[in-house]
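Secondary and tertiary structure notes
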Amino acid sequence: NHGFGQRFFQHVLKSWGVINVAGPSYAQCRGPRDAGFTLTYGSGLGSPEPTDIKNTECLVLIGSHLGENMHNSQVQEFAQAVERKVPIIVVDPRFSVAASKARYWLPIIPGTDLALLLAWMNLLVTEGRYDKAFVDQYGHGFDKFAAEIKQYTVEWAAGETGLAPELIRAAALEFAGRRPATIIHPGRRVNWHGDDTQRSRAIALLSGLMGNWGRKGGLFLASGLKVPAYPLPPYPKSSKPKADGSDGARYPFADEGITTSIRDATLTEKPYPIKGWFVYSTNLLQALPNREETLKAFDKLDLLVVCETIPSETAAYADVILPESIFLERYDELLTGYGRVGWAALRQPVVASPHEQKPGWWIAKQLAEKLGIGACMPFKDMEEYLKTRVQNAGLSWETLKKDGVIMGTPKPITVEEGLALEFDTPSKKVEFWSDQIAKAGFDPVPKYTRHERGPKGYYCLITGRCPVHTFSRTQSNPLLRDLVVENQVWVNITTATKEGLKNGQYVRLKNQDGVVSNRVQVKATNRIRPGCVYITHGFGSTNKMLKSAYLRGASAAGLLTRYKTDPLMGGTSIHSNQVTFVREA
Ligand SMILES: Nc1nc2c(c(=O)[nH]1)N[C@H]1C(S)=C(S)[C@@H](COP(=O)(O)OP(=O)(O)OC[C@H]3O[C@@H](n4cnc5c(=O)[nH]c(N)nc54)[C@H](O)[C@@H]3O)O[C@H]1N2
Ligand SMILES: Nc1nc2c(c(=O)[nH]1)N[C@H]1C(S)=C(S)[C@@H](COP(=O)(O)OP(=O)(O)OC[C@H]3O[C@@H](n4cnc5c(=O)[nH]c(N)nc54)[C@H](O)[C@@H]3O)O[C@H]1N2
Ligand SMILES: [Mo]
């Protein structure tokens, strides 16, 4: 599943005995980041990331292409930071929109960020430019950490990353000079090369050297609004092991279900055969690496149910499609969010559904009744359910209905405001050295290993967001389609010249395993370094029912035959494929 609309489906299925649940927004998105920060600070960051961009004096973006990635509140604060002339440092093989606003652009070779991070940390430790007071008070294992990273010099990192040593050093002095009001953005879609938990942990450690945890202009500690749950019956207990990987048996630091673990279990029938998938609001054929494996898993199923709002590729394979009303046509579960202030927000219908689509909660309630477990949904409708929750929290239902959102009372979110720091790690400190990682058989301090580079004539395929589209779900929306109807492949001008490609020409991309994409237009540009090519995610639909999106642009997902799995938490890499160009006859 993806998104909070899954609420009642997950509830009904769990009430029926389902124990395996997963979504690509963990193992293909932010999972390694959560693991890396939890291993270091004892807590993940949650969503949205509590970056105090509003008050920061320096912002470092590693990937994180804010402005193309339209995470709204961060993008607004980013725009204000640009206006405030805050120094921005962008590490990206591509001259992203964010890079165009930056004081420093570090056009790194894809997959080498850990080398940069380790060298930055070594530089700051060696030259004493880190927050010694923070490290002395809260750090665990700092001396062993410092000894371990000693090997990573700026000159060495320059060789690995393709960046000039002066640039590496200048950027470090800039952000370290402004600590603690400095943000090394923790990232969001961090599944790049399969060693992402350790890269994320390096970002967490560098942030530790900046002493920016719980600090104004750094990372604040988000506050929430408590709304009691609606009283619902408990789920039945199962004696079976989990097949979704969330029990830590296969990946010790996974704390949510892993999509590819369910897929593997379906293919291998281990630990038991899986006969049905219920898919809510996720287009697995665009979101998971290795489409072939997903299709083989579909073949093994007796039943594939897809709850959707559009005819996605995945819906095309379903035995049963449950058409849901779109968000403007329905009530959803109450959304209680975190931020500078906690809040509760209501999604309510503003127009009727045009045909026979139904809201998710209604479909889930019908399913519960047909399955003979109607008691797990003990309310007449969503108004009754929501009103009860809101009133039990001492909030006004009328106000919420009228305003759509209720803000909580401000609490301290930074040390400056009186927040006391606590760390829920085994040592109760910030773990510069991690005994629990060592015990699980991995590096207690991240170690750099070089990734395979492709054969000659092949280029590392990297991906990101198209600012006007959301994943693969909006390409057929008439308003958005008019803005961007297909993606392009970004190719460095030198590469284009060498390959005999013209700007605007159509090509196909072929990966190292011979898989060929739809046709896609070449964007020959100096905005990307040689050695890699870039396409935005979500295009190249293969479902004819999506008339205006069908075969428009290339699908990155279709080219991801190879992927590496993060051994710490099960995340799957999205950038480990190499492509070459196939010219049109
Ligand atoms: N418009 C729009 N916005 C969205 C979404 C959407 O669908 N549409 N989806 C949302 C979601 S769920 C997420 S998770 C976020 C994802 O957005 P981000 O978290 O910002 O994704 P990233 O992968 O960090 O960023 C992609 C950038 O990383 C660069 N990059 C690629 N390889 C490397 C590398 O090896 N090193 C470095 N330093 N950079 C590299 C790419 O060139 C690109 O500019 O976006 C969110 N915002
Ligand atoms: N190749 C590649 N793979 C990726 C990524 C990438 O950049 N490249 N990004 C990764 C990231 S960061 C994430 S978060 C995941 C996200 O991947 P997904 O979870 O698959 O997200 P979407 O592609 O938006 O698919 C959502 C599907 O839900 C449908 N939908 C939208 N709204 C509703 C609704 O209200 N109700 C119902 N029932 N259905 C709805 C849409 O029509 C769409 O088909 O993908 C990951 N996978
Ligand atoms: Mo994501």
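Cut-offs applied
Residues numbered from 1 in each chain as written. Chains lettered and ligands numbered in written order. Predicted model: local features only at pLDDT ≥ 70, side-chain atom pairs only at ≥ 80, totals over all residues. Heavy atoms only, no water. Near = heavy atom within 4 Å. Polar contact = N/O pair within 3.5 Å; in protein donor to acceptor, adjacent residues only side chain to side chain. Areas by Shrake-Rupley, 256 points an atom, 1.4 Å probe, with all protein chains shown as cover. Nonpolar A, V, L, I, M, F, W, Y, C, P; charged D, E, K, R; others polar. 1 Å grid on protein atoms, 1.4 Å probe; cavity = no way out; pocket = protein on both sides within 12 Å on 5 of 7 lines; lining within 4 Å. Points joined across faces, edges and corners; volume = space filled by probe spheres on them. Helix = DSSP H or I, 4+ residues; strand = E, 2+ residues; numbered from the N terminus. Buried < 20%, exposed > 50% of the residue type's maximum accessible area, 1.4 Å probe, protein only. Pairing = 2+ DSSP bridges. Axes fitted to C-alpha atoms, helices over the stretch in contact; angles between N-to-C directions. Phe/Tyr/Trp six-rings, centres within 6.5 Å; stacked < 30°, edge-to-face > 60°. Core = buried A, V, L, I, M, F, W, Y, C linked by side-chain atoms within 4.5 Å. Parallel < 35°, antiparallel > 145°, perpendicular 65-115°, else oblique. Left-handed = near helix turned anticlockwise from the far one by under 90°. Contact = heavy atoms within 4.5 Å. Arc of directions from axis to C-beta.

**Describing the site of ligand 1**
Around ligand 1 there are 30 residues in total, and S64, H65, D92, D113 and H469 lie nearest to it. In this structure, E68 approaches ligand 1 through a main-chain N or O atom, which is 3.3 Å from a nitrogen atom. The contact in question runs from a nitrogen atom of ligand 1 to an N or O atom on the backbone of M70, over 2.9 Å. Bound to the protein, ligand 1 loses 96% of the 920 Å² it would expose on its own. Each residue belonging to the shell around ligand 1 can be placed in one class, and the counts come to 13 nonpolar, ten polar and seven charged.

**Observations regarding the layout of surface pockets**
Reported here for the second largest pocket is a volume of approximately 1,000 Å³. Those elements giving two or more residues to the lining of the second largest pocket turn out to be α1 (7–16), α10 (259–268), β6 (276–280), β7 (303–308), β8 (320–323) and α13 (360–370). Classifying every residue of the lining of the second largest pocket gives 24 nonpolar, nine polar and three charged.

**Examining the site of ligand 2**
Close to ligand 2 lie 27 residues, the nearest being H2, N283, E308, E324 and R330. Here Y280 contributes a side-chain N or O atom positioned 3.3 Å from a nitrogen atom of ligand 2. For ligand 2, whose free accessible area comes to 920 Å², the fraction covered by protein is 96%. Ranked by the residues each element gives to the shell around ligand 2, the list is headed by helix α2 (residues 24–41), at four residues. Classifying every residue of the shell around ligand 2 gives ten nonpolar, eleven polar and six charged.

**As for the environment of V390**
Tracing the sequence through the fold places V390 in helix α14 (residues 382–392). We classify V390 as buried; its relative accessible area is 0%.

**What to know about the sheet that holds β7**
One open sheet holds the three strands; their spatial order is β6-β7-β8, and the pairing between them is parallel. Since the sheet does not close on itself, it has two edges, and those belong to β6 and β8, each with one partner. Across the sheet, the axes of successive neighbouring strands diverge by a mean angle of 10°, strand direction being ignored. Pairing of β7 with β8, which is carried by four bridges, proceeds in the parallel orientation. The residue of β8 that forms the bridge with V306 is I321.

**What to know about the packing of aromatic side chains**
The final tally for this structure, using the stated rule, is 25 aromatic pairs. Seen in terms of ring centroids, F37 and Y41 are 5.8 Å apart; in terms of plane orientation they differ by 15°. Their pairing is stacked. Here F37 pairs with Y41, and both are found in helix α2, just four residues apart, close to one helical turn. Just as F37 is buried, Y41 falls in that class too. Both rings, one in Y152 and one in W156, keep their centres 5.0 Å apart while their planes meet at 45°; by these two values the pair is tilted.

**Observations regarding the nonpolar core**
Core analysis: the largest hydrophobic core is formed by 59 residues, its most contacted members being W120, F145, F175 and L209. Ranked by residues supplied to this core, first place goes to helix α4 (residues 113–126) with eleven residues. Counting 28 residues, the second largest nonpolar core, distinct from the first, contains V227, W361, I373 and M382.

**Examining the packing of α4 against helix α7 (residues 154–161)**
Where α4 meets α7, the closest approach of the two axes is 9 Å, and the angle between their N-to-C directions is 165°. The angle between α4 and α7 falls in the class roughly antiparallel. The hand of the α4/α7 crossing is left-handed. Every residue of α7 that contacts α4 at A115, L116, A119 and L123 is listed here: V154, W156, A157, E160 and T161.

**Thoughts on the side chain of N518**
Take N518: it is sitting in strand β16 (residues 516–525). Here N518 falls in the buried class, since its relative accessible area comes to 17%. A distance of 3.1 Å separates the side chain of N518 from the backbone oxygen of G553, its partner in a polar contact. Discounting chain neighbours no more than four positions away, the residues touching N518 are V507, R508, G540, L551, G553 and A554.

**What to know about the sheet that holds strand β2 (residues 88–91)**
As summarised here, the arrangement of the four strands in space is β3-β2-β1-β5, forming an open sheet in which the pairing is parallel. Two strands in the sheet have a free side with no partner beyond their single neighbour: β3 (104–106) and β5 (182–184). Mean inter-strand twist for the sheet, computed between neighbouring axes without regard to direction, equals 10°.

**Considering the environment of C532**
Among the structural elements, C532 can be located in strand β17 (residues 532–536). Overall, the relative accessible area of 2% leaves C532 in the buried class. Other than its neighbours up to four places away in sequence, C532 contacts P93, P110, Y459, C460, I462 and W490.

**Concerning the side chain of T536**
Position of T536 among the secondary structure elements: in strand β17. The contact partners of T536, leaving out residues within four places of it in the chain, are T463, G464, R465, C466, N487 and A554.

**Here's the deal with α7**
An α-helix turns once every 3.6 residues. As a result, residues three or four positions apart point the same way. By the burial criterion, the buried members of α7 are V154, A157, A158, E160 and T161. Projected onto a plane normal to the axis of α7, the buried residues spread over an arc of 165° and lie on a single side. Seen from the open side of α7, the exposed residues pointing more than 90 degrees away from its buried face are E155 and G159. Residues of α7 that are buried in the fold lie against α4 and α8 (165–176).

Keep in mind that these numbers describe shape and distance, not what the molecule does.
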